[in-house]
Amino acid sequence: MSEGFNLSDWALRRRSFVWYLMAVSMIAGVMSYLNIGRQEDPDFTIKTMVITAALPGATVQETLDQVTDRIEKKLEELDELDFTRSVTWPGRTIVYVNLEPTIRGPAIPRVWQQVRNMMNDIRAEFPPEFAGFGFNDRFGDVFGNLYAFIADGYSPRELKDMAEELRRDIQRLPDAGKVIIFGDRKEVVHLEFAPEKMAALGVTLEQVRATLAAQNAIVPSGVIEAGAQSVLVRVGGQFLDADGLAGVNLRVGDRFFRLTDVATIRRGYEEPPSELFRYNGQEALGLGVGMRKGADILKFGKALDQVVDAARARLPVGVEIVKIADQPAIVEEAVGHFTQALFEAVAIVMIVSFISVGLRAGVVVALAVPLVLAITFVFMEHAGFTLQRISLGALIIALGLLVDDAMIAVETMITRLELGESRRAAASYAWRTIAFPMLTGTLITAAGFIPIGLNSSAAGEFTFSLFVVIAVSLLVSWVVAVLFTPVLGVTLLPARWAHDAHKPGLSRRMFRAVLTGAMRMRWLTVALTALAFAASLWGMRFVEQQFFPDSDRRELLVNVTLPQNASIEATSAALARIEAHLKGRDEALFWTAYVGRSAPRFLLPSEPKTPSPNFGQIVIQTPAIEARDRLRAELTRLAAQELPEADVLVKLLDIGPPVGRPVQYRLSGPDIDKVRDLGRELAAVVATDPRLTALALDWNAPAQVVRLELLQDKARQLGLTAPDVASALATIYDGARMTSLRDGEYLIDVTARGRPEASSSVEALYNLQISLPGGGAAPLSAIAAFRFETEQPMVVQRNRMPTVTVEAAVATDDQPATIVKALAPKIARFAQDLPAGYAVELGGSVEKSAESQAPIAAVAPLMVLIIITLVMVQMQSFRLALIVLSVAPLGLTGVVAALLSAGAPMGFVAILGVLALGGILIRNSIILVDRIEALRAEGLDPWSAVREATESRARPIVLTASAASLALIPISHQVFWGPMAYALMGGIVAGTVITLLFAPALYLIVFRVKAPARGA
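Every value quoted in this text rests on a predicted model; they were computed, and no experiment measured them.

Caption draft 1: Spotlight on the overall build of the protein. Broken down by element type, the protein carries 34 helices and 31 strands. Summarising its shape, the C-alpha atoms of the protein cover approximately 130 × 80 × 55 Å along the three principal directions. In the protein, buried positions account for 54% of the 1016 residues. Of the roughly 43,100 Å² of accessible surface on the protein, a fraction of 57% belongs to carbon and sulfur atoms. Distance between charge centroids for the protein: 8 Å, based on 96 positive and 103 negative side chains.

Pasting the structure below:
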């Protein structure tokens, strides 16, 4: 840019306007910072839809064949499908539809509609008994605010009325999203009958159902047009409450019976309950509140608090609303910590600037930081980005880089001032000589983060703001350096700058000596650098691999899974034993227990479990990380000692896409029993690693079944069919809906079922009386043979293949990838011996990590192409480009050394940092090599040009490296950013040395520059 338009000159001729732009930028930046949304973590799309379906009365195998397989087979036609995972029980199934990670968020609603259409297309193919589909395409909804209603002396129905009133108030808030009630007991009117009594009187359930339905029906009764007015006609008699049922008369032939003659009428709640919810061991009702997408969570939290406080004031004595999840408060605390780290990093960068170039020049450099941040905040607000873990971390990473342009611009101005030029001429010279190399370097640094921006996986979506924020801040830093910094420099720098080249300091003399030695021993310098790089490649085998770390939040999750045939009462009792241990402990501020289900998704990475009577979850809020870890170890010991029959996993929350237990292997095959047996064998292989704990299979144990073989001839003689018998048994044991009570906005089912003494004993089955069509009754044992068997109560499939997952947690500090690597030979030998059609696949965090890294590998060639192209545009020479690009991978020497010394793993985020490191080092190399070529063009001999360019560029390169490295200190102790901070600090430090010693030596070799005689 030696000729043509000079932006710095333009700015200096319009200083007032430029000062105005700076003032406007700062004011707009402050306003944007105050207005920009806050989050704990960025959003990412949950690309999963849930399909539920039912075939009442079917066995597991019949449900698999007639329902699950039809659904999964049709879904295979979906182009966007990644895989299906289904869980099938007798008579019902749940299919999880998982889309390819490359599917972008805006396209997902269209795909979900297509899934609905596909299911509608095959509806006619299902058996006549099929009960239909249910769809949940909002599986990723987050309910960041959870409340518990607790009360003494109030019924569940009364609590639900209060919760419904609060739900209506909350839904009036403009930013309110979906609001759910959970843990509620469904109200039911039970008609408990004695089968033998009904049989003796000749009363059938169909007669009861017909009588109740006829009396309770709502039908139009007409309108009387009476002259000037219309009079509505209404027919009464509908049931208003359970007492109304007691007066119902049943007619059998010419006889009449009261309903109470054959059944006991009782208004109560669903038995057994489908789910239970407790707060600190007390039965409670839960309310979950979501937020509209794009709303400010802090403002919404304040508005929500006002609504809840108003509701509390209206509650009767004895009822309390307790907040059990407060996402706005957590976000405010988390963003506060991140913002503090950002300000600490800003202070570090400013201090480095003052120390490096003096007070007045340091002020010029330091002022670039708030200007760049202000403009970046404006962009973030209007582009829809929020302040959260990733974006604030990106700003901290960018801090040390964004002062680089300002530092080089000021250094160039100082150099010209030392030669006696005016401040304006010095500023103009900076544009002509370094603006384009700086722009190229900035673009290359930003290009290093392209694998993040184009990563289509969930992890890439989670970290997308890292790419955008860094790229924008770097580009803004170049604009600030060439537009604002010249005006600041002309205003703040002295008119004359004393030339001190004749009296270099100790550090400068030492560097000159080292540089001269490296240049004279150029081959040795290159060889030592290559040896160090080779050692780092070898050392990478000792760096542990990681996907995402566990969260640093204070919650603790306890997942309890009993055998698959366990009742919800047994699950509730198991959770109660753990809850009893929590009472009175300082480590537990409070806890909530979910029986038959998991907690609502109160955090995006907290994936809800499939509802099941044998599953329960406890969420414990602890006061501090130390207390959390202490309680986790104690509960793990307690579970092993007191709940040996249960699978108990005590775990932390996830950061990023959820994984579950980190070490997982999936075994698939066509035969359910064979898969189950091989799964146990695989579990035995996995259990050989002592570093694993809480090993479990997601399904395995069979359940007892009483199979009735109907004696067809005898049944036909009595006028009975298999459906008649099955329906009678289902009514006795599960209940059958007769009609509904309309109670305000509620519909309360009236359900007929056998009395407890008839429906809770296997022995009572033999003498059970079955009503005959013509009147009378026959014992079940007279028309059926009984046989006890076992069958699988639940089957999990993946892509239409029965699949058992062996999963385990890690008991030590080792990373899952390290353990998986150690187990690899044993797993490979096991897989080789499997029958044809059976296979073992790796799952867990290692699989998720590979899925997230695959898109990185896919776009890495594009990143390399862009970087090489930019280097060629700047260098216009293959040999110069070779020198510049050779520096890029050598930063790995510092990365490996830093990670090994800190004991930090190479996580997903650290990998992104390593990729970006190459762009940072190339940027410095371009500035150095461009300066060498400029000096040679001015007539300096090659040797002197290399040495003088390296010495003149050493200070800005070292100072930029210092700023970039030291700015990472505030986040180096954080769980999420620590590995990346160590990797970048080590890589930048090593890369700086390589740039200042290896690059000059390589330049001399490539251009065959001979060293002058010593003393010359």
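Caption draft 2: Here's a closer look at helix α3 (residues 60–75). Its maximal kink placed at Thr 68, α3 deviates by approximately 40 degrees. Regarding α3, the residues found buried are Val 60, Thr 63, Leu 64, Val 67, Thr 68, Asp 69, Ile 71, Glu 72, Lys 74 and Leu 75.

Caption draft 3: Broad picture of the domain arrangement of the protein. Domain annotation of the protein identifies domain 1 (1–34 + 358–494), domain 2 (47–139), domain 3 (187–271 + 721–759), domain 4 (507–542 + 877–1015) and domain 5 (552–654). Relative placement of domain 2 and domain 3: their C-alpha centres are 35 Å apart.

Caption draft 4: Region of interest: the pattern of salt bridges. Here the structure, examined in full by the defined rule, presents 46 salt bridges. We note a salt bridge from Glu 80 to Arg 110, for which the minimum N-O separation is 3.2 Å. With Glu 80 in the loop between α3 and β2 (81–89) and Arg 110 in helix α4 (residues 108–121), this residue pair connects regions lying 30 residues apart in the sequence. A salt bridge links Arg 577 to Glu 645, with the nearest nitrogen and oxygen atoms 3.8 Å apart. In this pair, Arg 577 is assigned in helix α20 (residues 568–582) and Glu 645 in the loop between α21 (625–642) and β20 (647–651), connecting sequence segments 68 residues apart. Given a relative accessible area of 43%, Glu 645 falls into the partly exposed group. In the salt-bridge network here, residues are joined through shared partners; they are Arg 157, Asp 161, Glu 187 and Arg 267.

Caption draft 5: Quick peek at helix α13 (residues 389–418). Taking 1.5 Å per residue as the helical rise, α13 with its 30 residues ought to reach 44 Å, and the 44 Å between its terminal C-alpha atoms agrees with that figure. The largest bend along α13 reaches roughly 40 degrees and is located at Ala 398. One side-chain oxygen at the N-terminal end of α13 lies 2.8 Å from the backbone nitrogen of Ile 390; it belongs to Gln 388.

Caption draft 6: Structural detail: the environment of Arg 931. Along the chain, the position of Arg 931 falls in helix α31 (residues 908–937). Along the chain, Arg 931 and Ala 458 lie 473 residues apart, while their C-alpha atoms are 43 Å from each other. Beyond its immediate sequence surroundings of up to four residues, Arg 931 is in contact with Tyr 429, Ala 949, Ser 952 and Arg 953.

Caption draft 7: Expanded view of the packing of aromatic side chains. Applying the stated criterion to the full structure yields 20 aromatic pairs. Measuring from ring centre to ring centre gives 5.1 Å for Phe 130 and Phe 133, while their planes differ by 65 degrees; the resulting arrangement is edge-to-face. Here Phe 385 and Phe 464 contribute two aromatic rings whose centre-to-centre distance is 6.2 Å and whose plane-to-plane angle is 25 degrees, an arrangement assigned as stacked. Linking Phe 385 in the loop between α12 (359–383) and α13 with Phe 464 in helix α17 (residues 464–492), this pair joins segments that are 79 residues apart in sequence. Overall, Phe 385 belongs to the buried group, its relative accessible area being 16%. Through a chain of ring-to-ring contacts, three or more aromatic side chains come together here, namely Phe 126, Phe 130, Phe 133 and Phe 135. Directly above the ring of Tyr 33 sits Arg 38, whose terminal nitrogen or CZ lies 5.0 Å from the centroid. The ring of Phe 83 is capped by Arg 798, whose NZ or CZ atom sits 3.8 Å from the centre of that ring.

Caption draft 8: Inspection of the packing of helix α2 (residues 15–35) against α12 at higher detail. Relative orientation of the contacting elements α2 and α12 amounts to 50 degrees, with a least axis distance of 7 Å. As the angle between them shows, α2 and α12 are arranged oblique. At the point where α2 passes α12, the crossing takes the left-handed sense. In contact with Met 22, Ser 25, Met 26, Ala 28, Gly 29, Ser 32, Tyr 33 and Asn 35 of α2, α12 contributes Pro 370, Leu 371, Ala 374, Ile 375, Phe 377, Val 378 and Glu 381. Residues belonging to the contact of α2 with α12 are distributed by class as follows: 10 nonpolar, four polar and one charged.

Caption draft 9: Region of interest: the sheet that holds strand β15 (residues 285–291). Read from one edge to the other, the open sheet built from four strands follows the order β6-β15-β5-β16, with strand pairing classed as antiparallel. This sheet does not close on itself; its edge strands, each paired only once, are β6 (176–182) and β16 (319–326). Taking the axes of each pair of neighbouring strands and ignoring which way they run, one obtains an average angle of 20 degrees across the sheet. In this sheet, β15 lies alongside strand β5 (residues 145–151) in antiparallel orientation, the contact comprising five bridges. The partner of Tyr 147 across the bridge, within β15, is Leu 287. Contacting β5 and β16, helix α11 (residues 327–357) runs over the sheet at an angle of about 35 degrees to β16.

Caption draft 10: Geometry of the nonpolar core. Leu 399, Leu 466, Tyr 665, Leu 682, Val 871 and Trp 977 are the most contacted members of the largest nonpolar core, which has 197 residues in total. Top contributing element to this core by residue count: α13, with 19 residues. Setting aside anything within four residues of it in sequence, one finds Val 871 in contact with Ile 444, Gln 876, Ala 881, Val 884, Leu 885, Ile 922 and Ile 926. Counting 38 residues, the second-largest nonpolar core is a separate cluster that includes Val 189, Val 248, Ile 732 and Ala 778.

Caption draft 11: How the structure looks around the sheet that holds strand β14 (residues 282–283). Taken in spatial order, the six strands line up as β14-β13-β18-β19-β17-β20 in an open sheet, and their pairing is antiparallel. Of all strands in the sheet, those bounded by a partner on one side alone are β14 and β20. As judged from the six bridges shared by strand β18 (residues 590–595) and strand β19 (residues 615–621), these two strands associate in the antiparallel manner. Opposite Val 595, over in β19, you have Gly 616 as the bridge partner.

Caption draft 12: Just unusual backbone geometry, in detail. With omega at -10 degrees, the peptide bond leading from Glu 271 into Pro 272 counts as cis. For Asn 280, which is not glycine, the phi dihedral falls at a positive 50 degrees. Mapped onto the fold, Asn 280 is located in the loop between β13 (276–279) and β14. If you check the backbone angles, Arg 800 has positive phi at about 70 degrees while not being a glycine. With respect to the helices and strands, Arg 800 occurs in the loop between β29 (795–798) and β30 (801–810).

Caption draft 13: Summary view of the environment of Ala 459. If you trace the backbone, Ala 459 turns up in helix α16 (residues 458–462). Among the residues examined, Ala 459 registers a relative accessible area of 0% and is labelled buried. For Ala 459 and Gly 913, which are 454 residues apart along the polypeptide, the C-alpha to C-alpha distance reads 14 Å.

Caption draft 14: Local environment of a nonpolar patch on the surface. Together, Met 521, Leu 524, Leu 528 and Leu 531 make up an exposed nonpolar region whose accessible area comes to about 410 Å². When you line up the elements, Met 521 lands in the loop between α18 (506–520) and α19 (522–539).

Caption draft 15: Quick peek at the environment of Pro 563. Position of Pro 563 relative to the elements: it lies in the loop between β17 (555–561) and α20. On a C-alpha basis, the gap between Pro 563 and Ala 703 in space is 8.9 Å, while along the polypeptide they are 140 residues apart. Ignoring sequence-local partners within four residues, the contact set of Pro 563 consists of Asn 614 and Glu 645.

Conventions and cut-offs
Chains are numbered independently. Their residues run from 1 in the order of the written sequence. Local features in a predicted model are, by the rule used here, given only for residues with pLDDT of at least 70; side-chain atom pairs are given and counted only at 80 or more, and totals for whole chains, interfaces and linings are based on all residues. Where side-chain values are given, they derive from all heavy atoms of the structure, hydrogens and water being excluded. Where helices and strands are cited, they refer to DSSP runs of H or I of at least four residues and of E of at least two residues respectively, numbered from the N terminus. Exposure is judged per residue with a 1.4 Å probe applied to protein chains only, and the accessible area is read against the type maximum: over 50% gives exposed, under 20% gives buried, and values in between give partly exposed. Only the protein chains shown count as cover for residues, with accessible areas throughout obtained via the Shrake-Rupley method and a probe of 1.4 Å. Here Asp and Glu are counted as negative and Lys and Arg as positive; His is not counted, and neither are the chain ends. All charge positions are set by atom: Lys at NZ, Arg at CZ, Asp at CG, Glu at CD. The quantity called bend is, for any residue, the angle between two axes fitted respectively to the seven residues ending at it and the seven beginning at it. In this entry, domain limits derive from an automatic or database-based domain assignment. For this document, the term salt bridge refers to a Lys or Arg side-chain nitrogen within 4 Å of an Asp or Glu carboxyl oxygen. For a helix, the expected span equals 1.5 Å multiplied by the number of residues minus one. Residues adjacent in sequence count toward polar contacts only when both atoms are side-chain atoms; beyond that, a polar contact is any pair of N or O atoms within 3.5 Å, and within protein one must be able to donate a hydrogen and the other to accept it. In this analysis, two residues are considered to be in contact whenever any of their non-hydrogen atoms come within 4.5 Å of each other. Stacked, edge-to-face and tilted labels apply to pairs of Phe, Tyr and Trp rings (six-membered ring for Trp) whose centres lie within 6.5 Å, assigned for plane angles under 30 degrees, over 60, and everything in between, in that order. The criterion for a charge sitting over a ring is simple: Lys NZ or Arg CZ within 6 Å of the ring centre, and within 35 degrees of the ring normal. For every element, the axis is a line fit to its C-alpha atoms; helices are fit only across the contacting stretch, and the angle between N-to-C directions ranges from 0 to 180 degrees. Any angle that falls under 35 degrees is termed roughly parallel, while one over 145 is termed roughly antiparallel, one within 65 to 115 roughly perpendicular, and all others oblique. Each crossing gets its handedness from the near helix: less than a right angle anticlockwise from the far helix is left-handed, clockwise is right-handed. Residue polarity follows a fixed list, in which Ala, Val, Leu, Ile, Met, Phe, Trp, Tyr, Cys and Pro are nonpolar, Asp, Glu, Lys and Arg are charged, and the others, Gly among them, are polar. Two strands are said to pair when DSSP picks up at least two bridges between them. Buried residues of nine kinds, namely Ala, Val, Leu, Ile, Met, Phe, Trp, Tyr and Cys, make up a nonpolar core once their side-chain atoms join them within 4.5 Å. Residues enter patches when they are more than 30% accessible in relative terms and free of salt bridges; like-charged ones are connected within 9 Å and nonpolar ones (Val, Leu, Ile, Met, Phe, Trp, Tyr) within 5 Å.

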